[in-house]
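Structural overview
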Amino acid sequence: MSDTHESFLGLLHAQRVWDVDLPVFDPAAAPDAPLPLFHAWFAEAVAAGQAEPHAMTLATADAEGLPDVRTLMLHDADARGWHFATHSTSAKGRQLAARPYGALGFYWPAQGRQVRVRGPVTVCSPAESRADLHARSTGALASALVGRQSEVLGAVADLDRASDAAWDRARVEPDAEVASWTRYVVEPREAEFFQGDARRRHVRLRYRREADAGVWERELLWP
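Report on the accompanying structure.

Thresholds, definitions, all that
- Residues numbered from 1 in each chain as written.
- Predicted model: local features only at pLDDT ≥ 70, side-chain atom pairs only at ≥ 80, totals over all residues.
- Heavy atoms only, no water.
- Helix = DSSP H or I, 4+ residues; strand = E, 2+ residues; numbered from the N terminus.
- Contact = heavy atoms within 4.5 Å.
- Phe/Tyr/Trp six-rings, centres within 6.5 Å; stacked < 30°, edge-to-face > 60°.
- Buried < 20%, exposed > 50% of the residue type's maximum accessible area, 1.4 Å probe, protein only.
- Lys NZ or Arg CZ within 6 Å of the ring centre and 35° of its normal.
- Core = buried A, V, L, I, M, F, W, Y, C linked by side-chain atoms within 4.5 Å.
- Polar contact = N/O pair within 3.5 Å; in protein donor to acceptor, adjacent residues only side chain to side chain.
- 1 Å grid on protein atoms, 1.4 Å probe; cavity = no way out; pocket = protein on both sides within 12 Å on 5 of 7 lines; lining within 4 Å.
- Points joined across faces, edges and corners; volume = space filled by probe spheres on them.
- Nonpolar A, V, L, I, M, F, W, Y, C, P; charged D, E, K, R; others polar.
- Pairing = 2+ DSSP bridges.
- Axes fitted to C-alpha atoms, helices over the stretch in contact; angles between N-to-C directions.
- Parallel < 35°, antiparallel > 145°, perpendicular 65-115°, else oblique.
- Left-handed = near helix turned anticlockwise from the far one by under 90°.

With respect to the environment of Asp-76
Structurally, Asp-76 is set in strand 3 (residues 76–77). It is 8.8 Å that separates the C-alpha atoms of Asp-76 and Val-185, two residues lying 109 residues apart in sequence. Contact partners of Asp-76, with chain neighbours within four places excluded, come to Gly-81, Trp-82, His-83 and Arg-183.

Describing the packing of aromatic side chains
Scanning all chains against the criterion turns up 12 aromatic pairs. Between Phe-84 and Tyr-184, the aromatic rings sit 5.4 Å apart at their centres with planes inclined by 15°, giving stacked as the arrangement. Of the two residues, Phe-84 is situated in strand 4 (residues 82–87) and Tyr-184 in strand 7 (residues 181–186); the sequence distance between them amounts to 100 residues. Tyr-184 matches Phe-84 in its accessibility class, with the two residues each being buried. Site record: aromatic cluster; members linked through ring pairs are Phe-25, Trp-41, Phe-193, Tyr-207 and Trp-216. Lying across the ring of Trp-41, Arg-113 places its NZ or CZ 4.1 Å from the centre.

Some remarks on the nonpolar core
One finds Phe-38, Trp-82, Phe-84 and Phe-106 to be the most contacted residues of the largest nonpolar core, which totals 28 residues. When residues of this core are assigned to their parent elements, the largest contribution, five residues, is made by helix 2 (residues 34–47). Excluding residues within four positions of it along the chain, Trp-82 makes contact with Leu-35, Phe-38, Leu-74, Asp-76, Ala-77, Leu-104, Phe-106, Val-117, Tyr-184, Val-185, Val-186 and Pro-188. By size, the runner-up hydrophobic cluster in this structure holds 11 residues, among which are Leu-141, Leu-145, Ala-166 and Ala-170.

What to know about the side chain of Arg-183
On the secondary structure map, Arg-183 appears in strand 7. By relative accessible area, which is 13% here, Arg-183 ends up buried. Here the side chain of Arg-183 touches His-83 through a polar contact of 3.2 Å, side chain to side chain. If we skip the residues at most four places from it in the chain, Arg-183 touches His-75, Asp-76, His-83, Phe-84, Ala-85, Thr-122, Val-123, Cys-124, Glu-128, Ser-129 and Asp-132.

Topic: the layout of surface pockets
Vacant regions in the atomic arrangement are exposed by a probe of water-molecule size rolled over the atoms. Of the voids in this model, the largest pocket is the one considered here, and its volume is about 570 Å³. Lining the largest pocket are 26 residues, with Ser-143, Val-146, Gly-147, Arg-148 and Gln-149 positioned closest to its centre. Looking at the lining of the largest pocket, the elements with two or more residues in it are strand 2 (67–73), strand 4, helix 5 (138–146) and helix 6 (156–172). Broken down by class, the residue content of the lining of the largest pocket amounts to 11 nonpolar, nine polar and six charged.

Re the environment of Leu-145
Relative to the elements of secondary structure, Leu-145 occurs in helix 5. Placed 63 residues apart in sequence, Leu-145 and Arg-208 show a C-alpha to C-alpha distance of 39 Å. With residues up to four places along the chain from it excluded, the contact list for Leu-145 reads Ala-166, Arg-169, Ala-170, Ala-176, Glu-177 and Val-178.

Some words on the pairing of strand 8 (residues 190–195)
Counting buried residues along strand 8, five of its six residues qualify, which places the element largely inside the surrounding structure. Of the strand pairs in this sheet, strand 6 (residues 113–123) and strand 8 are connected by six bridges, and their pairing is antiparallel. Residue pairing across strands places Gln-114 opposite Phe-194, the latter belonging to strand 8. Here strand 8 runs beside strand 9 (residues 203–208); their pairing, made up of six bridges, is antiparallel. Counterpart to Phe-194 in the pairing with strand 9 is Arg-204.

Considerations on the packing of helix 5 against helix 6
Contact pair helix 5 / helix 6: the axes reach a minimum separation of 8 Å and the direction vectors enclose 125°. Viewed along their axes, helix 5 and helix 6 adopt a mutual orientation that is oblique. For the crossing formed where helix 5 meets helix 6, the hand is right-handed. For the pair helix 5 and helix 6, the contacting residues are Thr-138, Gly-139, Leu-141, Ala-142, Leu-145 and Val-146 in the first and Leu-159, Ala-162, Ser-163, Ala-166, Trp-167, Arg-169, Ala-170 and Arg-171 in the second.

In structure tokens form, the structure reads like this:
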């Protein structure tokens, strides 16, 4: 074992999990559907000082069926599902066009909580996608105007030039259109809520329902 690897392992093994007072989660008192619980847990994560609680991982599958994952921001969570946006021409956009199913993961270590959501992914209307784009900051619009997400970048200078031009346009033309900008919604078929426990007696509550079913089934999972 190299000194560098040994140093890494020492640092890794020195880390501790949940050296804070964790909340108690009683699944028997949970609501009949996952959305109200998600809203409550999100608000509690914000109140607990969790950094970027709206950050989430999105998992998709590529053309070979291999998993792919990245971190992005939640744009809404409503009766339809969990919303995000990206370029339809990006890697995840192309993957969703071919295999419109995804999984989301939220991790809020300030409270030892995770939320996992899985289901089909639907493309929102063009009007919703335009509204999503123009509700964002100037920097976010500039990034969208640059486009070419996931393409190979020849040199950093190329990005600098494209970004500078996009920032100039975003400031002058805040209503600029980006044809590839698309809002998506994950329509949940499963949603799991995980509450960590310092003694490893974690609580896992899973909601499940079939397509178009109005009633959620709830079940506890072994940790």
